[in-house]
Amino acid sequence: MLVPSSWLRQMVAIEADDNELAESLTLAGLEVEAVEPAYPWLLSAEAARISRVETLDGAKNITACTVETSNGEVQVVCGAPNVQEGMLTAYVPPGTQMPDGKEVSESVLYGRTSQGMLASEYELLLEGDASGIFDILKKYPEARLGQSIADITKIHDTVFEIGVTPNRPDCLSILGVAREAAALFHAKVSFSEPGLDEDQPLEGVPIRIDDPDLCNRYVGAAITGVKVAPSPGWLARRLLASGVRPINNIVDVTNYVLLELGQPLHAFDMNKLAGPEIIVRRARQGEKVVTLDGKERELTKEMLLICDRDRPVAIAGVMGGLDSEVTELTRDVLIESAWFYPPNIRRTAKALKLSTEASYRFERGVDPAIQKVAALRACQLILELAGGTYQGVKDENPVPYTPREVEYRPKRINRLLGTDISAQDMAAILESLEFEVEKADEDLYKTVPPSFRGDVKAEEDIVEEVARCHGFSKIPTQSPVATLIVKRPESFKPFMDRVRGALAGEGFSEIISYSFIAPWDLKNLKLPKEDIRNKAVKLKNPLAEDQSIMRTTLVPCMLSTISRNLRRRNLSLSLFEVGAVFIDKGPGVIPDEHQRCCCAITGSRFPESWAWPEQEVDFFDIKGTAENLLDILNCQDCVFIPSQSPETFYVPGTQLDIKAGDVVLGTLGQIDQAVAKSFGISQKVFLMDLSLSALAEVATDRKTFSPLDRFPSVERDLSIILDDSVRAQDVLDFIAQNRSSYLESFYIFDVYKGKQVPKGKKSLGIHFVYRAKDRTLSEQEVEKEHEPLTKGVLENFKGSLRS
């Protein structure tokens, strides 16, 4: 909201300067974002003397003028008929932006360089002749060379740029800001009521409201015999300083009253209205109207129209129609001043993508009691500026405004604010804001907010009014005193951080996804009907359809993230997520929430390089990640076994359950091709899904120190041929159960199928490390331990040594 200081001070007498006023308004909740000159072109333009006039050959009435300015002589090409040598006129230098929005620049005209322009009073928005350049000495004989036009005419003004919050539409007007300033500086608002007869009825123009739920009030006032012309300078300047482009005296008056009182108005050419008659009704589906911007707009049945007897003539509260606009030929004018239902105007403006000064105010809510005053004020100004005869006013008000009563308790206000303001001072503050205040009980007051304060509905709103007008700076700053209880850190978080650190150390990148997913993402996993993960919590007001349920597993989020990265050509990924999943427990019951960890890999094993060939990740990469994670977390006795109840989103035969005793920690495997395709993934993805609560049960953060070995180890390799059906894990379990005290470690280093190995068999290579703590083992001691173990493996699994 742009508020010219002179206009504001005309309504309320304030001695404070502009900076003090701006600071006070800001502290009271009307943030003044900037204080700028209102008429910068008057500051740039200066009095300059024409020292020489040269008529240009072949150019009628065009002269090249040598002009003396405060910065020396310049040459200006001018077409004004009243140019004379020795004349003191208004010179506008290059770089000045004129009221019409055009910037003065140095240019070449008729073969001569023109360094600026010589301006008329009309071009400077001053009252005067538009046919020639400004003859300053005729009006201001004491003007001096180099003096700014602003100083000569004594037209100095500033503009406050105020950020008005959505709950204060009353401050979208000069009157509204003046009321605030009056309350802050203990002054009175000065606004005289229009001097027209408000009881004179308007004859011959019926007004009918078919939808009073959308239009509570419609006021029409008429003036006949007007003369449409440009607005006088004072009016044009005020409009321009307020951000509104002047058009003509009739339209400018409606915009002037909108800015002055906050009530949008519309002027109809009454001779273009069929009847003339006004009907306020809902639009018919598909009905069309051409608005003032020349565009044809198709309407819906929810939108409100202003119609004459035959057709729509305006979209209510948004924009008028082209067929009934005021032009220079207009002689009779009908002024519309109405109250429209704010949500309907907001929806209409948004649907039509058409935001105007009127819709901006209507959709926030205008004063329901000012329509008649605004209409009469406009009529008064039109009579002054355009002449004519006042024909009367008609006020259709099917839903009269009913004042609202709000109760407040001074003691509670002081308790909330931490102040000691007396009840009398609170009442004085509210009365300065035009509230009616009445004492109802010892500590209970009743107040009736003015009609323009639709935002005041409860006691809390009264608290705000008292606080901001009393002054936030006057409210004492007090440190709260309370017993602080330091809450112990969440016991599960350190473990989750350990998991994150371990996976980051393995080269994985953490992702964080929304807890909301699309229902079809869950269906794409093809989970059995009885699976508990199908019990998703549905959101009542989702942001979008693809975020309408709470996730019951991290797998869809992981696959969606992989798909999004693949579309952006990030083809090699190692990702993990640690987060909560939610299982619905039924209406009115808090969902079951628990933490899980999901890891996935796809693409190449190593970054592309000349130093090694490209290798695609496989099942053993994700299994190795699981083994390393369990080792880092110090999880004991964990095994990988083929799943007895396989997941539907893994390739059959690739799923392993990760178990510790009878507890299933999670699963891993290759994502089924059909599932991957449903997420837009065309390459192999290997995934691991873990329950962090189960993992935390078997993990330990206790660390033990073992001294460095003083004696060397003895190593043995064993290559045996076994049936392909024998699980390597079973072999390792057998060795662990029958190991001697000297067997320090063992692991599988090779699995081979192919030539030299019979069909249906496989070769398993196992590496053994033997070591004693107190001496170096001899070959005989090692053989004594190793040979029975080898024999036991061969006998138990019906294997043979590979030659």
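All figures in this text were calculated on a predicted structure; none of them were measured in a lab.

A. Representation of the overall build of the protein in the model. A count of helical and extended segments in the protein gives 22 helices and 37 strands. Based on the C-alpha atoms only, the size of the protein along its principal axes is roughly 130 × 80 × 60 Å. Going through the 803 residues of the protein one by one, you find that 49% of them count as buried. In the protein, the proportion of contacts linking residues at least 24 apart, taken out of those at least 6 apart, comes to 69%. A total of about 41,500 Å² of accessible surface is found on the protein, and carbon and sulfur atoms cover 49% of it. Positive and negative charge centroids in the protein, built from 92 and 119 side chains respectively, lie 7 Å apart.

B. Just the packing of helix H13 (residues 423-432) against helix H14 (residues 459-470), in detail. Contact geometry for H13 and H14: axes closest at 10 Å, N-to-C directions at 90°. As far as their axial angle goes, H14 and H13 are roughly perpendicular. In contact with Met-426, Ile-429 and Leu-430 of H13, H14 contributes Ile-462, Glu-465, Val-466, Cys-469 and His-470. Split by residue class, the contact of H13 with H14 holds six nonpolar, one polar and one charged.

C. Examining the confidence of the model for the protein more closely. When pLDDT is averaged across the protein, the result is 92; 100% of the residues are at 70 or more. Mean pLDDT across the elements of the protein ranges from a minimum in strand E30 (residues 638-642), with 87, to a maximum in strand E20 (residues 332-340), with 97.

D. Molecular detail of the pattern of salt bridges. A complete count under the given rule lists 48 salt bridges for this structure. Of the charged contacts, one joins Asp-395 and Arg-217 as a salt bridge, the two residues approaching to 2.7 Å between their closest N and O atoms. Of the two residues, Asp-395 sits in strand E21 (residues 389-396) while Arg-217 sits in strand E12 (residues 215-224), which places them 178 residues apart along the sequence. Ionic contacts of the salt-bridge type, sharing partners, join the residues Arg-168, Asp-170, Glu-180, Arg-453, Asp-455, Glu-465 and Arg-468 into one network.

E. Spotlight on helix H21 (residues 728-737). Among all positions of H21, only Gln-729, Val-731, Leu-732, Phe-734 and Ile-735 are buried. Summarising the contacts, the buried residues of H21 are in contact with E30, strand E34 (714-723), strand E35 (743-752), strand E36 (761-770) and helix H22 (779-796).

F. Quick look at the sheet that holds strand E19 (residues 319-320). Spatially, the five strands line up as an open sheet ordered E11-E14-E17-E18-E19, and their pairing is mixed. What marks the edges here is a single partner per strand, and that holds for strand E11 (207-209) and E19. In this structure, E11 lies alongside strand E14 (residues 278-282), joined through three bridges in parallel fashion. Across the sheet, the residue bridging to Ile-209 is Val-280, located in E14.

G. How the structure looks around the packing of aromatic side chains. For the structure shown, the criterion picks out 11 aromatic pairs. Between Phe-134 and Tyr-140, the aromatic rings sit 6.4 Å apart at their centres with planes inclined by 80°, giving edge-to-face as the arrangement. Given the relative accessible area of 27%, Tyr-140 is considered partly exposed. On the basis of an interplanar angle of 20° and a centroid distance of 6.4 Å, the ring pair of Phe-768 and Tyr-770 is categorised as stacked. Like Tyr-770, Phe-768 is buried. Each member of the aromatic cluster is reached from another via a ring pair, and the members are Trp-7, Trp-234 and Tyr-256. The ring of Phe-640 has Lys-623 sitting right over it, with the charged end atom 4.8 Å from the ring centre.

H. Local environment of the pairing of E34. As judged from the 10 bridges shared by E34 and E36, these two strands associate in the antiparallel manner. Among the inter-strand pairings, Arg-716 is bridged to a residue of E36, identified as Phe-768. Judged from the two bridges that link them, E34 and strand E37 (residues 800-801) form a sheet pairing that is antiparallel. Residue pairing in the sheet places Ile-721 in a bridge with Ser-800 of E37.

I. Molecular detail of the sheet that holds strand E9 (residues 117-119). Pairing is antiparallel in the open sheet, where five strands are placed in the order E5-E4-E3-E6-E9. Edge positions in the open sheet fall to strand E5 (72-78) and E9, since each of these has one partner strand only. For this sheet the average axis-to-axis angle between neighbouring strands, irrespective of direction, equals 50°. Direction of pairing for strand E3 (residues 46-55) relative to strand E4 (residues 63-69): antiparallel, over a ladder of six bridges. By the bridge assignment for E4, Glu-54 is matched with Ala-64.

J. Representation of unusual backbone geometry. Residue Gly-275 is joined to Pro-276 through a cis peptide bond whose omega torsion reads -10°. Among the structural elements, Pro-276 can be located in the loop between strand E13 (265-269) and E14. For His-186, which is not glycine, the phi dihedral falls at a positive 55°. Within the secondary structure, His-186 sits in the loop between helix H6 (174-184) and E11. Relative accessible area serves as the criterion here: at 76%, His-186 is assigned to the exposed category. One non-glycine residue, Glu-434, adopts positive backbone phi at about 70°. Glu-434 sits in the partly exposed class, given a relative accessible area of 38%.

K. Here's a closer look at the environment of Leu-124. Position of Leu-124 relative to the elements: it lies in the loop between E9 and helix H4 (136-139). Taking the relative accessible area as the measure of exposure, Leu-124 reaches 0% and is therefore buried. For the pair Leu-124 and Arg-237, spaced 113 residues apart in sequence, the C-alpha to C-alpha distance is 9.1 Å. Beyond its immediate chain neighbours, meaning those up to four positions away, Leu-124 contacts Trp-41, Leu-42, Ala-45, Ala-90, Val-92, Met-98, Ala-119, Phe-134 and Ile-149.

L. Broad picture of the state of the cysteines. Counted by the stated rule, this structure contains zero disulfides. Counting only cysteine sulfurs, Cys-635 is the nearest neighbor of Cys-638, a cysteine outside any disulfide, at a range of 4.8 Å.

M. Summary view of the side chain of Arg-716. Locating Arg-716 in the fold gives a position in strand E34. Judged by its relative accessible area of 15%, Arg-716 falls in the buried class. In terms of polar contacts, Arg-716 uses its side chain to reach the side chain of Glu-779, at 2.3 Å. Polar side-chain contacts of Arg-716 include one of 3.1 Å to the side chain of Glu-783. Every residue in contact with Arg-716, bar those within four places of it in the chain, is listed here: Ile-766, His-767, Phe-768, Tyr-770, Glu-779, Val-782, Glu-783 and His-786.

Procedures and definitions
- Residues numbered from 1 in each chain as written.
- Predicted model: local features only at pLDDT ≥ 70, side-chain atom pairs only at ≥ 80, totals over all residues.
- Heavy atoms only, no water.
- Helix = DSSP H or I, 4+ residues; strand = E, 2+ residues; numbered from the N terminus.
- Buried < 20%, exposed > 50% of the residue type's maximum accessible area, 1.4 Å probe, protein only.
- Contact = heavy atoms within 4.5 Å.
- Areas by Shrake-Rupley, 256 points an atom, 1.4 Å probe, with all protein chains shown as cover.
- Lys, Arg positive; Asp, Glu negative; His and termini not counted.
- Charge placed at Lys NZ, Arg CZ, Asp CG, Glu CD.
- Axes fitted to C-alpha atoms, helices over the stretch in contact; angles between N-to-C directions.
- Parallel < 35°, antiparallel > 145°, perpendicular 65-115°, else oblique.
- Nonpolar A, V, L, I, M, F, W, Y, C, P; charged D, E, K, R; others polar.
- pLDDT = per-residue confidence, 0-100.
- Salt bridge = Lys/Arg side-chain N within 4 Å of Asp/Glu carboxyl O.
- Pairing = 2+ DSSP bridges.
- Phe/Tyr/Trp six-rings, centres within 6.5 Å; stacked < 30°, edge-to-face > 60°.
- Lys NZ or Arg CZ within 6 Å of the ring centre and 35° of its normal.
- Disulfide = S-S within 2.5 Å.
- Polar contact = N/O pair within 3.5 Å; in protein donor to acceptor, adjacent residues only side chain to side chain.

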